[in-house]
Amino acid sequence: MAAVDPATAASFSRLSFRRAVCTSPLRVPLSRAPPPGRLRASTVVALHKRNPKRVKYAAERQFTRGDTGMLRVEPSGEDFWKLDPIIDLINRGAVGVIPTDTVYSIVCDLSNNESIDRLRRVKGIGDSKPLSILCRSLRDIDTYTTGFPRGTNQGQANIFRAVKRAIPGPYTFILPATKQFPKQCIKHGSSTRYAKRRQVGVRIPDDPICQAILQNLDEPLICTSVKYLSEDEWILDPVIIADLYEPLGLDFIVDGGPRIADPSTVVDMTGTSPTVIRQGKGPKLDWMVTKDEEEAQSMYALKWA
């Protein structure tokens, strides 16, 4: 392994992992080397957008205190080389926050049960709350779910072809889970509407930073959106996320800049028609129906049965 420049080692070491067993530099970026003059202390935590809200939270600390590391990456994703420490942390069981094409998400390794339990504790959600996954490709979706209907000669619509035109994009599709999907992610209490069903929400975000992380992992990420602890409202600023979630055991944050207040559009693919159950950033497409439209279709079908 090539020697690591001291400046690089110093900047990477600031991204600490609270259960790390090694204090050496994580690994040298593989995709592209940093441009000349780009390696500096601000590689980790460069809060350069100093609007009043960010100044309020950035004045007292630079997110190097304690065990949480915060990594600033350009929203365009042009500095992918900075993400190598994040990839390493995730592979070692870290729980952290990354940007998507909608809001920020708390993520962890799909196959690490301890990390999944810790993600639930950080978010403050119980076992009855289903978790979604951020996928790298349609192949991931076909592995962990039954996939999208391909259509038949009997007139069934080819939803798969329509979905391909909508992703990557701001949609979460609810599909039946396969045996490959960890049971740890589908714990249900008898009081939830998911109690007797094994379903999972799948996403392929259209975000360069998120995609760069996913493409360097061996499997999808478990995810849940970042909200205020006592309110059903998304947190859009990574500085505020760090301030609220650092004491709860968060291991890292990838700062891709403030997000917009639009979650993904959730589409239930388990019924007779793709049904929008939450309208978000993604527009309703012509092959989707609303809840009211689905109910009307069901009543019409019953009438002529």
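Everything here concerns the structure above.
Residues numbered from 1 in each chain as written. Predicted model: local features only at pLDDT ≥ 70, side-chain atom pairs only at ≥ 80, totals over all residues. Heavy atoms only, no water.

## Regarding the sheet that holds strand β8 (residues 252-255)
Judged by pairing direction, the sheet is mixed, and its eleven strands sit side by side in the order β1-β8-β2-β3-β7-β4-β6-β5-β9-β10-β11 without closing on themselves. The outermost strands of the open sheet, each flanked by one partner alone, are β1 (69-72) and β11 (289-290). Strand direction decides the pairing type here: β1 and β8, joined by four bridges, are parallel. Bridging across to β8, Met70 finds its partner in Ile253. Here helix α3 (residues 84-91) sits on the sheet and contacts β1, β3 (105-109), β7 (221-225) and β8; the angle it forms with β8, its principal contact strand, is near 145 degrees. Of the strands in this sheet, β3 and β7 touch helix α4 (residues 113-123), which is tilted by about 160 degrees from β3. (Pairing = 2+ DSSP bridges. Helix = DSSP H or I, 4+ residues; strand = E, 2+ residues; numbered from the N terminus. Contact = heavy atoms within 4.5 Å. Axes fitted to C-alpha atoms, helices over the stretch in contact; angles between N-to-C directions.)

## Description of unusual backbone geometry
Among all residues except glycine, the phi angle is most often negative; among peptide bonds, the trans geometry is most common. Each neighbour pair has its own omega, and for Ile167 with Pro168 the value is 0 degrees, a cis peptide bond. Positionally, Pro168 belongs in the loop between α6 (159-164) and β5 (171-176).

## Side note on the packing of aromatic side chains
Pairs of aromatic rings are described using the distance from one ring centre to the other and the angle between the two planes. Following the criterion strictly, the structure yields three aromatic pairs and no others. Taking the centre distance of 5.8 Å and the plane angle of 20 degrees together, the rings of Tyr171 and Phe173 count as stacked. Considering the side-chain rings of Phe173 and Trp287, the 6.4 Å spacing of their centres and the 20 degrees angle between planes classify their relative orientation as stacked. Placement of Phe173 in strand β5 and of Trp287 in the loop between β10 (275-278) and β11 is noted, with a sequence separation of 114 residues between them. Residues Phe173 and Trp287 agree in their burial class; the two are buried. Grouped by ring-pair contacts, the aromatic residues Phe148, Tyr171, Phe173 and Trp287 constitute a single cluster. (Phe/Tyr/Trp six-rings, centres within 6.5 Å; stacked < 30°, edge-to-face > 60°. Buried < 20%, exposed > 50% of the residue type's maximum accessible area, 1.4 Å probe, protein only.)

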